[in-house]
Each structure stands twice: as C-alpha cells, then as structure tokens.
Amino acid sequence: MNGNKENNMNYNVNEKGYYGEFGGAYIPEMLYPNVEELRQNYLKVMAEPEFQKEFNQLLKDYVGRPSPLYFAKRLSEKYNTKIYLKREDLNHTGAHKINNTIGQILMAKRLGKHRIIAETGAGQHGVATATVCALMGLECIVYMGEIDIKRQAPNVARMKMLGATVIPALSGSRTLKDATNEAIRDWINNPVDTHYIIGSAIGPHPYPDMVTKFQSIISEEIKWQLKEHEGRENPDYLVACIGGGSNAAGTYYHFLHENDVNIIAVEAAGLGVDSGESAATSVLGKEGIIHGCKTLLMQTNDGQITEPYSISAGLDYPGVGPMHAHLCKTGRAEFMAITDDEAMKAGLELCKLEGIIPAIESSHALAIFEQKSFKSDDVVVVSLSGRGDKDLENYIEYFKI
Ligand SMILES: *Cc1c(COP(=O)(O)O)cnc(C)c1O
C-alpha cells in the first residue's frame, strides 16, 4: 500500500520513461537506435553548463524571455478573483512552442545532427522549427497534411520564407496524425544525420520529459514573478489548455508536488463532449498507444483512433501527453472541457476587457471562468499560450465582425 501511495505521489517521469502507467517508448525496432541515442544523452547534454548558457541566452535575447506575468485587472473584476496571465503570446513567433524548438535545436547540434524534420498540424510548430533551423543554418523539412496545407496557407508561406521544405502528407485523413507518420518514416530512413523535433509533450520517451523540461521555464518564471506580485510563489490555481500538453506541462512542472496549488487542465470539447465532434480526451479517451507512447486516447471499441475535432487547430489531437494522462488518472489535475462557442466568447471577451487577442487554444483556458467560480482572494494563473494573429480569420468569420 505504502509503495503504491508513494508511486501515486510522483508526477515526474521515472527512469523507464513512465508517469505511473503511462508513457514508455512503443516504437518500431528500426527507430530504436535514434530514440535510444537521444535517451542516453538528453539529460547529460541538458546539464552541461555550456548548453544551459546558450539555451538561456537565446531564450532571453531571441525569444524575449522572461515573458511577463500580467495581472489582468478588468478580467479579475468581472470574475471577482485575481487572474494573472502568463504571456507566452509575447514570445518570438507568437507562442510557447519556440521554447521547445530552441532547446531541441541545441540538442540536435550537440548530437551532431545537421538535418531537422518536424510534423505540424496548424503550422505553428512547423514555423517554430523553421525559425530555429534558420537561426542555426540547418536543413529543415516539415511534414504537413495536404488538407492542413490548404487550410493554413499563411503558416506554409512563413515556413517557406524561413527556408524550410514543406512536404505534404497524402495518406489517411491528410492531417496531423498522417504528417506525424510521414515524419517517423523519414527518421527511420535517416537515422544518422537527422533529428526529429516533436512539438508537444508526446511521443516515445524521452520526448515527453525533454519537451516538458524545455517548457518548464514557464513555471520557473511564474514562481519568482508571483513572489514579486503577491509575496508568495504558489498560486491557488494554475490553468492551461491541452493539445498534446506542452504549454500545460511547462506551466505545471515546478508546482506538481506543491499540494496547495490546484491544477486545472482544459480540453477542447468541440461541438460538445457527446457530439462526436470533440477532442475531450480525458472524458472520451481510453488507454492506448499513439505515436510511441501509452496514454489516454480517443478510439473506437476495436482500437481505431477517432478523428478529433476542435475549432482550434492546436487542440485538435486525439490523445494527451502521458504526464497529463497520469495527472488525470491520479486526480492531481482537474480536467475541464470547453466547447468551440465557449472558447470563442472568452477570446472576444479578453480582447474587449484587456486589449489582448488570444490564440483560440488559449481562449479555451480563459473560458473556465464562466463555468467555475473562485474566491475573491484566490490567485489564478492562466497560461496564455499564444497570440491570436493566426486566428483572426476564424474569429472574424465566427463573429461576423
Ligand atoms: C500548439 C498550441 C497549443 C497546444 O499545444 P500544447 O502542446 O498542448 O501546448 C496551445 N496553444 C497554442 C497557442 C499553440 O500554438
């Protein structure tokens, strides 16, 4: 019993790559050498003072960190609680994703790789990857579903401007899942010179842990910033939206074992959790394997992956990272599901109350204030994972502005 309890209390990855029962590395044998090389080296490389120095310097001078922790006064008044926004939207390229791609490009260089591949859905991770490849002068190939290439033309143009080659994935539903399969296929064929930059806290071990650690700068900053604002490091609540779970993992990381911090994870309910058009993995998902890890996954009774749906391309993923599956299963995090309509309304509200146009992903996190009430002296920190420039057309069409 005792051992069990201790196990449940650990929310970090263990040496085998598991968060409780989730995680691991379920990969084809031909991928083993690539993943194993990374597994053996990632912690060692990240601990090198030279690596740390270069990573932190780029986060500061290139990304623009620390991102502000902003007290949203008018939003707080409306909901009668103290709301702080962690402004990842102000990072270079407009979201948190750059924290991870900077980390991984430095990792790739240390491992002697000179060719970078990535998958992308909406194109945000593709842009963040193309950006760091340009920065480092490395070849960049981005796999993207043919449908997504059509839907996300501005991001395709950005990647091309930055010098990346965008290859359409023509199989299956021709979206993110298929682009990921193509990237994996490429990596199998190019094991020696290529590094695969995964864009969220998913994939085979060590990816979820490596991505989480690169994103953990978010919670590291929240700690000292909240101390400056409120005289204490720990908020009462932390809120983040979850696609694969990288902005959430980074927001929670340094607070996972602080019992006085409540964690809220926000998923996309699309047209409604029971509508058949959603991405609410914690409610609809069962244990399964996707892209190399065991996690909660939306699937049919015979194990076929269900097509997810959300108005927000960044949350449109049929699984969650293994850390979040564990946080869900153990009850450490409270999961909430937000529909398209609720998110869009919350996004517009932030524009009007604070003069900030949020990414639709981030709008999901903001929408919880309509569903859940907080005490007037509660400190609630929300990860504003990205800016809404990429979503303007969606907002305008939705609101008929
Ligand atoms: C990609 C993206 C997300 C979802 O990805 P996570 O890995 O779950 O963080 C959320 N917000 C924005 C702005 C994004 O671009």
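Before any of the text, the structure's been laid out above.
These numbers were taken from a predicted model, which means no experiment stands behind them.

Caption draft 1: Seen up close, the overall build of the protein chain. Counting secondary structure elements, the protein chain contains 17 helices and 14 strands. The buried share of the protein chain, taken over its 401 residues, is 59%. Of all intrachain contacts in the protein chain linking residues separated by at least 6 positions in sequence, the fraction that spans at least 24 positions is 73%. Working note: accessible area of the protein chain is about 16300 Å², and carbon and sulfur atoms make up 51% of it. Side chains of the protein chain carry 40 positive and 51 negative charges; the gap between the two charge centres is 2 Å.

Caption draft 2: How the structure looks around the site of the ligand. Lining the immediate environment of the ligand, one finds 16 residues, of which Lys97, Ser200, Gly243, Gly245 and Ser385 sit closest. Interatomic distance of 2.9 Å between a side-chain N/O atom of His96 and an oxygen atom of the ligand. Burial of the ligand by the protein chains amounts to 96% of its free accessible area of 390 Å². Grouping the amino acids of the shell around the ligand by side-chain chemistry returns three nonpolar, eleven polar and two charged.

Caption draft 3: Expanded view of the environment of Gly276. By the secondary structure assignment, Gly276 is in the loop between strand 10 (262-270) and helix 13 (281-284). Linking Gly276 and Glu307, residues 31 residues apart in sequence, is a C-alpha distance of 9.2 Å.

Caption draft 4: Main features of the packing of helix 5 (residues 97-110) against helix 6 (residues 124-136). One way to put it is that helix 5 packs onto helix 6 with a least axis distance of 9 Å and a crossing angle of 45°. If you check the angle between helix 5 and helix 6, you find them oblique. Where helix 5 crosses over helix 6, the handedness of that crossing is right-handed. Together, Lys97, Ile98, Asn100, Thr101, Ile102, Ile105, Leu106 and Lys109 of helix 5 and Gln124, His125, Ala128, Thr129, Thr131, Val132, Cys133, Leu135 and Met136 of helix 6 make up the contact between the two elements. Of the residues belonging to the contact of helix 5 with helix 6, the class tally is nine nonpolar, six polar and two charged.

Caption draft 5: Up close: a nonpolar patch on the surface. Nonpolar side chains collect at one region of the surface, where Ile357, Leu392, Ile396 and Ile401 lie side by side and expose about 380 Å² of accessible area between them. Note that Ile401 resides in the segment after helix 17 (392-399).

Caption draft 6: Up close: the packing of helix 3 (residues 49-63) against helix 5. Two elements in contact, helix 3 and helix 5, have axes separated by 10 Å at closest approach and are oriented at 145°. Our pair here, helix 3 against helix 5, has a crossing hand that is right-handed. Listed contacts from helix 5 to Glu50, Phe51, Glu54, Phe55, Leu58, Leu59, Tyr62 and Val63 of helix 3 are Ile98, Asn99, Ile102, Gly103, Leu106, Met107, Lys109 and Arg110. By residue class, the composition of the contact of helix 3 with helix 5 is ten nonpolar, two polar and four charged.

Caption draft 7: Quick peek at unusual backbone geometry. Cis geometry marks the peptide bond from Arg65 to Pro66; its omega dihedral reads 0°. Within the secondary structure, Pro66 sits in the loop between helix 3 and strand 3 (69-71). Cis rather than trans, the peptide bond between His205 and Pro206 has omega equal to 15°. Mapped onto the elements, Pro206 comes out in the loop between strand 8 (194-197) and helix 10 (207-215). Even without being a glycine, His291 presents a positive backbone phi close to 45°. Summarising the element assignment, His291 is placed in the loop between strand 11 (286-290) and strand 12 (293-297). On the basis of relative accessible area, His291 is assigned to the buried category, the value being 15%.

Caption draft 8: View of the pairing of strand 9 (residues 237-241). With five of its five residues buried, strand 9 lies for the most part within the structure. Burial of the side chains of strand 9 extends over both faces: Tyr237, Val239 and Cys241 are buried on one face and Leu238 and Ala240 on the other. One ladder, built from five bridges, connects strand 9 with strand 10; its direction is parallel. The residue of strand 10 that forms the bridge with Val239 is Ile264. As for the winding sense of the linkage, the β-α-β connection from strand 9 through helix 12 (residues 246-252) to strand 10 is right-handed. Taken together, the three bridges between strand 9 and strand 14 (residues 379-384) define a ladder with parallel strand orientation. Across the sheet, Leu238 pairs through a bridge with Val381, a residue of strand 14.

Caption draft 9: Quick peek at the sheet that holds strand 5 (residues 115-120). Ordered by their spatial adjacency, four strands build an open sheet running 7-6-5-8, and the pairing between neighbours is parallel. Only two strands of the sheet have a single partner each, and these edge strands are strand 7 (165-169) and strand 8. For this sheet, the mean angle separating the axes of adjacent strands, direction not counted, is 25°. By the bridge criterion, five bridges tie strand 6 (residues 139-145) to strand 7 in an arrangement that is parallel. For Val142, the partnering residue across the bridge sits in strand 7 and is Val166. Packed on one face of the sheet, helix 5 meets strand 5 and strand 8 and runs near 165° to strand 8. Contacts from helix 8 (residues 153-161) reach strand 5, strand 6 and strand 7 within the one sheet, and its direction differs from that of strand 6 by about 165°.

Conventions adopted
Residues numbered from 1 in each chain as written. Predicted model: local features only at pLDDT ≥ 70, side-chain atom pairs only at ≥ 80, totals over all residues. Heavy atoms only, no water. Helix = DSSP H or I, 4+ residues; strand = E, 2+ residues; numbered from the N terminus. Buried < 20%, exposed > 50% of the residue type's maximum accessible area, 1.4 Å probe, protein only. Contact = heavy atoms within 4.5 Å. Areas by Shrake-Rupley, 256 points an atom, 1.4 Å probe, with all protein chains shown as cover. Lys, Arg positive; Asp, Glu negative; His and termini not counted. Charge placed at Lys NZ, Arg CZ, Asp CG, Glu CD. Near = heavy atom within 4 Å. Polar contact = N/O pair within 3.5 Å; in protein donor to acceptor, adjacent residues only side chain to side chain. Nonpolar A, V, L, I, M, F, W, Y, C, P; charged D, E, K, R; others polar. Axes fitted to C-alpha atoms, helices over the stretch in contact; angles between N-to-C directions. Parallel < 35°, antiparallel > 145°, perpendicular 65-115°, else oblique. Left-handed = near helix turned anticlockwise from the far one by under 90°. Patch = residues over 30% accessible without salt bridge, like charges linked within 9 Å, V, L, I, M, F, W, Y side chains within 5 Å. Salt bridge = Lys/Arg side-chain N within 4 Å of Asp/Glu carboxyl O. Pairing = 2+ DSSP bridges. Right-handed = clockwise from strand over helix to strand, strands pointing away.

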